[in-house]
Amino acid sequence: MINDALTLFAWLHNMSTYELVSVLLTSSIWIGFTSVVYVFARLLFDRVKQNPLFNPLAISSIVICVALLTINLQVADYRAAVTPLELLLGPATVALAMPLFRHTKVLLTLGWRVVIPIAVGGTVAPLLAWFTLYQLDVPMDLQMTMLVKSITTPLAMETTALIGGIPELAAVFVILTGIVGATLGPLAFVALKIKSEYAQGLALGSVAHVMGTSKAISISEACAAFATLALCLNGVLTSILLPLLFL
Amino acid sequence: MPSYKTSFSKPLSNIKTILQGVLSLAFLFSIVWFARYLKLLFELPVPAALLGIVIFYIYLMLCGATPRFMANTVQLLLKHMGLFLIPAVISVLAYLAVFTDYAFALFLAIVVSTIISLAVTVMVAKWLLPND
């Protein structure tokens, strides 16, 4: 971290004032644009009575994608410009400890009844995805990469490297799984007539990791607590078990 | 419920809200960095993000409740987690080329299997959990 700060400092020092101003300006413009799109996506989400298909994250990503393609800006350049926004994901993830803490009592009373669904979600999701690819004769490295799709990105990238997959692609699979889970998952719950917020939280957290958890936050705080526990347990279990299976 | 409405008639309380926000963010960032440091130091197999959750959880346990100065910021960060996830989602764009080769297989593996897994998990959870 200190190294990062020093490099950043040196880099900023080597720039002319003109360059510095232009970097800061580009950054503010893209962060501003992203935030405005997000705010409108949230307003739209409330307008359609919180229909899960209008997930603010999905809608704003699509709008920004279209904008980037229209003006032909490289994804890497956009990502560099909005780095401060991405950095905030750190504290936001840490903040998940709060719903978890507030619902500790319920979680402890339920005990293994909570752990088993998480284990089921954490096993079924990767195995089913892998089996699909195996049946369709997709190359081996893609098959291996798919196994990590239900755990959080940094963990998925480390684990996939260990079992012979492609780290960058792992991040993509993880993110797509998250988006699908957060937008289509709630529809599945409605179709199955499952109203239990506890059960929804466990499914969202164990199958769709942090994106599912961010959806759970909008359902209720209890739902968020269950999703966070599922996210943590599944992440730790998968990252420990997968390498053991393949080494 | 904490609210982030700024009132212009009470400038002092605005300053207080902003200071609390800055302080809480600094606190949460230091947990993130401390978690990364611990991970490097002990070469732990768990990701720094999960370690961060555990550290903050222990802190909350020691306090007994969410410290009042942090409540607003924590709620705000959680509520708008989606915003911080946007850059990650956009980065998927750069890899769209892979999907043209195996589009059908990857669609089945990501979309269909994720929905089925969610359905299976939620059914198991409903079966095991008492009604809430």
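Scroll up to find the structure this text is about.
Report follows, based on the coordinates. Computed from a predicted structure; not experimentally measured.

A word on the overall build of chain B
Then, number 1: In terms of regular secondary structure, chain B is built from 6 helices and 0 strands.
Then, number 2: Carbon together with sulfur atoms contributes 73% to the accessible area of chain B, which is approximately 7,500 Å² in total.

Section: the interface of chain A and chain B
Frequently, the measure chosen for interface size is the accessible area removed from exposure when the parts meet.
Then, number 1: With 93 residues of chain A at the contact, the number on the chain B side is 71 residues.
Then, number 2: Of the roughly 7,400 Å² buried where chain A meets chain B, counting both sides, 85% is carbon and sulfur surface.
Then, number 3: Of all residues in chain A, V94(A), M98(A) and F101(A) give up the largest surface area on contact with chain B, accounting jointly for 9% of the area buried on that side.
Then, number 4: Where chain A meets chain B, there are 0 salt bridges.
Then, number 5: It is helix α12 (residues 167-191) of chain A that contributes the most residues to the side of chain A that touches chain B, 14 residues altogether.

Comments concerning the packing of helix α3 (residues 56-71) of chain A against helix α4 (residues 81-91) of chain B
Then, number 1: As a packed pair, α3(A) and α4(B) sit with axes 9 Å apart at the nearest point and diverge in direction by 45°. What the angle tells us is that α3(A) and α4(B) run oblique. In the packing of α3(A) onto α4(B), the handedness of the crossing is right-handed. On the side of α3(A), the interface is formed by L57(A), S60(A), S61(A), I64(A), C65(A) and L68(A), while α4(B) contributes G82(B), L85(B), I86(B), V89(B) and I90(B).
Then, number 2: Considered class by class, the residues forming the contact of α3(A) with α4(B) number 8 nonpolar, 3 polar and no charged.

Considering the packing of aromatic side chains
Then, number 1: Going through the model one piece at a time under the given rule, you end up with 8 aromatic pairs over all chains.
Then, number 2: Grouping aromatic residues by their ring pairs yields a cluster made of W30(A), F33(A) and Y78(A).

Here's the deal with the environment of G121(A)
Then, number 1: Secondary-structure assignment places G121(A) in helix α9 (residues 112-135).
Then, number 2: Looking at G121(A), the relative accessible area reads 0%, which means it is buried.
Then, number 3: Separated by 90 residues in the primary sequence, G121(A) and I31(A) have C-alpha atoms spaced 35 Å apart.
Then, number 4: Ignoring any residue separated from it by four or fewer positions in sequence, one finds G121(A) in contact with P126(A), S206(A), V207(A) and T121(B).

About the cut-offs
- Residues numbered from 1 in each chain as written.
- Chains lettered and ligands numbered in written order.
- Predicted model: local features only at pLDDT ≥ 70, side-chain atom pairs only at ≥ 80, totals over all residues.
- Heavy atoms only, no water.
- Helix = DSSP H or I, 4+ residues; strand = E, 2+ residues; numbered from the N terminus.
- Areas by Shrake-Rupley, 256 points an atom, 1.4 Å probe, with all protein chains shown as cover.
- Contact = heavy atoms within 4.5 Å.
- Buried area = accessible area lost by both parts, 1.4 Å probe.
- Salt bridge = Lys/Arg side-chain N within 4 Å of Asp/Glu carboxyl O.
- Axes fitted to C-alpha atoms, helices over the stretch in contact; angles between N-to-C directions.
- Parallel < 35°, antiparallel > 145°, perpendicular 65-115°, else oblique.
- Left-handed = near helix turned anticlockwise from the far one by under 90°.
- Nonpolar A, V, L, I, M, F, W, Y, C, P; charged D, E, K, R; others polar.
- Phe/Tyr/Trp six-rings, centres within 6.5 Å; stacked < 30°, edge-to-face > 60°.
- Buried < 20%, exposed > 50% of the residue type's maximum accessible area, 1.4 Å probe, protein only.

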